[in-house]
Amino acid sequence: QVQLVESGGGLVQAGGSLRLSCAASGSGFSFDAMGWYRQAPGKQRELVAAIHSGGKTNYADSVKGRFTISRDNAKNTVYLQMNSLKPEDTAVYYCNADLTLVGSWNPDNYWGQGTQVTVSS
């Protein structure tokens, strides 16, 4: 079965940078869309950034100009480069993907296990 494995989270000071990675295990599928969500304590999960099969991207207003989403199709991996981090960016970040397996008609949706990002002041 396809799984999403996240890495790159950690503790960083305000103004610093982190790069999150999300790798899809296995083979024989294509990416329709991939994105990053985050959930802070006591708050709802929200979309941070997404990238679609044609390369189109979209971002939450709170991260525009600071975060960049990208993908490497050869590695089945999506990245989130986070610069100028703020304490309010502290959250668990989740990878999400719509993937279509070879031989299937429709895409399936997958979630990663989450990775903690903590920004200190």
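J.: Explain the nonpolar core here, please?
T.: Soluble globular proteins tend to pack their nonpolar side chains together in the buried interior. Membership of the largest hydrophobic core comes to 31 residues, with the highest contact counts inside it found for W36, L80, M82 and Y93. Those elements that place two or more of their residues in this core are β3 (18-24), β4 (29-39), β5 (46-52), β7 (67-72), β8 (77-82), β9 (91-101) and β11 (115-120). Counting residues per element, this core draws most heavily on β9, at 5 residues.

J.: Quick question: what am I supposed to make of the state of the cysteines here?
T.: Such a bond, covalent and formed between the sulfur atoms of two cysteines, is termed a disulfide. Tallied over the entire structure, the rule returns 1 disulfide. Residue pairing for C22: its cysteine sulfur links by disulfide to C95, the two sulfurs lying 2.1 Å apart. The chirality of the disulfide connecting C22 with C95 is left-handed, given an S-S dihedral of about -85°. Taken together, the residues span a long stretch of sequence, with C22 in strand β3 and C95 in strand β9 at a distance of 73 residues.

J.: I would appreciate a short explanation of the pairing of strand β1 (residues 4-7) in the present structure.
T.: As a general feature of sheets, a regular strand has side chains that alternate between the two faces. Here β1 shows one buried face, formed by L4 and E6, and one open face, formed by V5 and S7. Strand direction decides the pairing type here: β1 and β3, joined by 4 bridges, are antiparallel. What sits directly across from V5, in β3, is A23.

J.: Which parts of the structure should I look at to understand unusual backbone geometry?
T.: As a rule of thumb, non-glycine residues mostly have phi less than zero, and peptide bonds are mostly trans rather than cis. Look at N76: it is not a glycine, yet its phi comes out positive at around 55°. Mapped onto the elements, N76 comes out in the loop between β7 and β8. The exposure class assigned to N76 is buried, which follows from its relative accessible area of 17%. Residues other than glycine seldom take positive phi values, yet S84 does so here, at roughly 50°.

J.: Where do I start with the pairing of β9 in this structure?
T.: The element β9 is extensively covered by neighbouring structure, given that 8 of its 11 residues are classed as buried. The sheet contact formed by β9 and β11 spans 3 bridges and is antiparallel. Looking across to β11, one finds that A91 is bridged to V117. One ladder, built from 4 bridges, connects β9 with strand β10 (residues 108-111); its direction is antiparallel. Within β10, the position partnered with A97 by the bridge is Y110. From the end of β9 to the start of β10, which pair antiparallel, there are 6 residues, and G103 there has a positive phi angle of about 95°.

J.: Help me understand the side chain of R38, please; the structure alone is not making it clear to me.
T.: Checked against the element boundaries, R38 lands in strand β4. Judged by relative accessible area, R38 falls into the buried class, the value being 6%.

J.: I would appreciate a short explanation of the sheet that holds β1 in the present structure.
T.: The strands making up a sheet associate through backbone hydrogen bonding, with each pair oriented either parallel or antiparallel. If you trace the 4 strands from one edge of the open sheet to the other, you get β1-β3-β8-β7, paired in antiparallel fashion. Only two strands of the sheet have a single neighbouring strand rather than two, namely β1 and β7. Averaged over all neighbouring strand pairs, the angle between strand axes comes to 15°, with direction disregarded. The sheet contact formed by β7 and β8 spans 6 bridges and is antiparallel. Residue pairing across strands places R71 opposite V78, the latter belonging to β8.

Conventions adopted
- Residues numbered from 1 in each chain as written.
- Predicted model: local features only at pLDDT ≥ 70, side-chain atom pairs only at ≥ 80, totals over all residues.
- Heavy atoms only, no water.
- Core = buried A, V, L, I, M, F, W, Y, C linked by side-chain atoms within 4.5 Å.
- Buried < 20%, exposed > 50% of the residue type's maximum accessible area, 1.4 Å probe, protein only.
- Helix = DSSP H or I, 4+ residues; strand = E, 2+ residues; numbered from the N terminus.
- Disulfide = S-S within 2.5 Å.
- Pairing = 2+ DSSP bridges.
- Axes fitted to C-alpha atoms, helices over the stretch in contact; angles between N-to-C directions.

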